[in-house]
Structures are given as structure tokens and as C-alpha cells.
Amino acid sequence: MTDAAVKKKPRVTVIGLGNAGLKTVSRLTQSRFASWLNIIAVDTDKESLDTCFAENKIQADPEWRNGLGCGGDIINGQRSFSRERPRFAQLISASDLLIVTGGLGGGVCTGGAPIIASVAKQHKIPTAFIMTTPFSFEGQSRRKIADEGIKELLPSVDILLCLPNDLLFATLASDVPVESAFKKADQELATAVLGVAEILRCGNMISADFADFKELLSEKKSVCCIGSGIADSADGLNRTHIALERMLESPLLGSVERLKTADAVIMSLTGGSDMQIGEVKKLLETLEGFIGKHPRVISGVNTDPAYENTVQITVITISYDKTVESSSESDEKPRSLLFKKAHANKAAKVKTSASSAPSQQQFEQGMLPLQIVSKGIFHNTSPAKYRDIDLDIPTFQRESIVIDKGT
Ligand SMILES: Nc1nc2c(ncn2[C@@H]2O[C@H](COP(=O)(O)OP(=O)(O)OP(=O)(O)O)[C@@H](O)[C@H]2O)c(=O)[nH]1
Ligand SMILES: [Mg+2]
């Protein structure tokens, strides 16, 4: 790795969307480890924004929503965020990476996230969306809304991590109040966002290995879990071991078994300048004992003065859903999954071969700023499907086709 690559500080913007997203970025803002992130809170709901600690707050569409939330209506969220496209473009245009977080299931985040994704795509900014899916106790309609949101997001995002709130259940007693369950979710989501940001800034990962990361999550539908553990010198001499133990106990990791059975593991270790090579070696060796024999592993080690006396380990496990190829009913599976659309890669390949053909080069067109919109009033109807392809999604969206401007 060159010195320039090591020194390059990536500009990472984190946007929290809707009530859940605002809670997460509030927590991040209070963490000393997140000071290198550009944190923005976006909601139509003024009251939620007023209680959010993020410095940079955007009240979306104040004229039409009058400072209210979207009442769980995706269309409201889409409309409001569509009106703010120029403002979003300005906010994110200087970013090397955009991380967007929030809870799928409501109108602001579920409707707004695809609009942010499409603005980022238009500006060629790599994106990682880290979203929770609703607790089972929230009911079927929220889950349906969340599923709809995932479908809308897929054409535009690079990385989509869907973290099921239900995984937190295992760590909560049944008499825990709902509010505490959400507080726990806030905390875990903030840790997950920071962990992903750390993974992506490891060395020169954003420029070089983002593609690897993306590729691991591409093509195949997969189950994804994330665990993060942090410990400092006050925890004792064996702080890396304690950080590892805490990571293994992370509720969103599910269980240690996930590491053993994962097809791919992405891992990062961050510490201060006091982090010793012996500690790193021992930690990686111990971690190896928890990972299965043949997974693909991407790992990185990072130092940051904010982590003086502290070490943080973050792991993302990816397990490919092996039933997808053999089952045409894969859409019925729970959306506790991580998806990446194969079309994006296909389109990229088509584009490469097309651009190498001289006869086609002269016809290259720009792209119209078309927005990904929902199926409107039909969003609750069952999709018309042929060979697992949703025919209700226009072909140009399904296939990521660049539209001819005709100029
Ligand atoms: N972590 C966390 N998740 C929450 C909280 N409140 C709700 N959620 C989750 O996030 C999903 C979306 O809820 P909200 O964030 O309130 O929705 P919204 O995006 O603001 O949209 P509107 O309700 O239409 O204003 C819910 O289904 C829950 O699963 C919270 O306080 N913390
Ligand atoms: Mg809201």
C-alpha cells in the first residue's frame, strides 16, 4: 500500500433517516469515535429533528408536510424527498462514501431512502445502506412496507445491509418495555454503522476494496449479520480478548455459530497508536478459531488517535442463501436478508463490452435524471411475476438501462 493511500482520509457522510435513523445518528454524534464522520439527520418531522443531537439537520419538504412525519406512508416519504433532490445532491457531492441508516417500516425512511440512493448513484458516490427491519411485534403491515422499501432500494444501492430487529429479541427479557427494545436497537445500529464505516476506511479500502466488499454481497441473496466489540485499557491487560468476547456477544451477530458457517467474513480492527503488533496477531489468530475453514475473508487494521487505549473489532458475516437458485419462491422468504441486485453487475459488463465496440461509442448518451418511484397506488397489490421477475417494475429500472436523452 502506498503512503498516499494510507494518508488519504476518506470523506464519509452518514445520513440518518426518519425517527429510527435520527436516534442512531444522535448516538453516533455523542461518540468520540465518530468525530471523523460527516453526520446528517433528515426527517420531515420537525419534532423528531428538534430532539436529535446531530449538528447538521435537514427538515425535508417543510412546505408540504408542515413539519409532520409521513404517517407510515411510503408515497409521502418519496414525494417529500423527491422535492429535496437538489439539497441532497449538494450535501453529499463531496463524499467518498455515503452510509445511510434508518428503520424500514415507516414512511420517511422507507420512502426517502431510495431517493437518496438515486441521487448518490447519479453523482457516482458509493453507498452502503444499513437498515433495520421491523420487530415481529410491530405487525405484518410494517413488514410489508419494509419489503417494499427493500425492492425500491435494490436498483440504486451498492451495499444493502438489512439488520432484523428481531435478532435483538434473543437478548431481551419478555417483560422489557417496547421503548427499551428500541433504545437497544438504537445502540446496536449506531455500533453497526460505526463498524461498517471503520471497515470501509481500513487502509485504502474505499478506493480499492469497496469493490471486493460489494462483490461479496453481489449476485447472491444472502443473510448478513454484524457484530462489534470495544474495550479499553481500563478493561485490563487483555483488552483485545475482551473486545473479541463483546463482539461475539453482539445481538445483531445472532450467534457465534454464524461465524463458523459464514461463506464470507469482513472484519476490521481499529485501535490507537498504542495498539501493539502482538495484540493484533493474537486477536486475528483467536478469531480464526471461530471462523469456518473455507470462507472468503477481508480484513483490515486501522489506527486512529481517537482510539487511544482502545480497540474495536467489527465483523460482518455473509452466508449465501443456498435455496435461492433451486427455489422460485425465494421472494416469500423473510427479509432478514441482505440483497444485491445482479443486474448492476450485468449492466456494468454490458456497458464495458458496448464501450469497446467502436461503432457504438459515437452513440453514447447521457443519463436522464429519472427518479426511482414506487408503484404508487398499486404498491399494495401483488406483483405480476414471470420467472421471478417483477414485471411491474419498468424494464429500464430492472436492467439499470441508461435512457436515451434524444439530443
Ligand atoms: N432503533 C429504533 N428503531 C425504531 C424506533 N422507532 C421505530 N423504529 C423502527 O423503525 C421503523 C420505522 O419507524 P420510524 O423510524 O418511526 O418511521 P419514519 O421513517 O420516521 O416514518 P413515519 O413513521 O412515516 O414518520 C419501525 O417499524 C421500527 O422498526 C426507535 O426509536 N429506535
Ligand atoms: Mg417519523
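Since the model is a prediction, treat every value here as computed from it, not as a measurement.

## What about the packing of helix α7 (residues 107–122) against helix α8 (residues 140–153)?
So, point 1. Across the interface, α7 lies against α8 with an axial gap of 9 Å and an inter-helix angle of 5°. Comparing the axis directions of α7 and α8 gives the class roughly parallel. On α8, the residues that touch T110, A113, P114 and A117 of α7 are I145, G149, E152 and L153.
So, point 2. The class makeup of the residues in the contact of α7 with α8 is five nonpolar, two polar and one charged.

## Details of the sheet that holds strand β1 (residues 12–17)
So, point 1. Strand order in this open sheet of six strands is β3-β2-β1-β4-β5-β6, and the pairing throughout is parallel. Only two strands of the sheet have a single neighbouring strand rather than two, namely β3 (56–59) and β6 (159–164). When strand polarity is set aside, the average angle formed by the axes of neighbouring strands in this sheet is 20°.
So, point 2. The sheet contact formed by β1 and strand β2 (residues 38–43) spans five bridges and is parallel. Paired with G16 across the strands is A41, a residue of β2.
So, point 3. Contacting β1, β4 (97–103), β5 (127–133) and β6, helix α9 (residues 178–201) crosses the sheet at an angle of about 165° to β4.

## Some points on the pairing of strand β7 (residues 222–232)
The side chains of a regular strand alternate between both faces of the sheet.
So, point 1. Burial within β7 is extensive, with eight of its eleven residues counted as buried.
So, point 2. In this sheet, strand β10 (residues 310–320) lies alongside β7 in antiparallel orientation, the contact comprising eleven bridges. Across the sheet, residue G227 finds its bridge partner in β10, namely V315.

## Quick notes on the site of ligand 1
So, point 1. If you check the shell around ligand 1, you find 21 residues, and the closest are A20, G72, G107, E138 and D186.
So, point 2. At 2.9 Å from an oxygen atom of ligand 1 is found a main-chain nitrogen or oxygen belonging to A20.
So, point 3. For ligand 1, the protein covers 90% of the area, taking 630 Å² as the surface of the free molecule.
So, point 4. Of all the secondary-structure elements, those providing two or more residues to the shell around ligand 1 are α2 (18–29), α7 and α9.

Rules behind the numbers
Residues numbered from 1 in each chain as written. Chains lettered and ligands numbered in written order. Predicted model: local features only at pLDDT ≥ 70, side-chain atom pairs only at ≥ 80, totals over all residues. Heavy atoms only, no water. Axes fitted to C-alpha atoms, helices over the stretch in contact; angles between N-to-C directions. Helix = DSSP H or I, 4+ residues; strand = E, 2+ residues; numbered from the N terminus. Parallel < 35°, antiparallel > 145°, perpendicular 65-115°, else oblique. Contact = heavy atoms within 4.5 Å. Nonpolar A, V, L, I, M, F, W, Y, C, P; charged D, E, K, R; others polar. Pairing = 2+ DSSP bridges. Buried < 20%, exposed > 50% of the residue type's maximum accessible area, 1.4 Å probe, protein only. Near = heavy atom within 4 Å. Polar contact = N/O pair within 3.5 Å; in protein donor to acceptor, adjacent residues only side chain to side chain. Areas by Shrake-Rupley, 256 points an atom, 1.4 Å probe, with all protein chains shown as cover.

Honestly, it's all geometry; don't read function into it.
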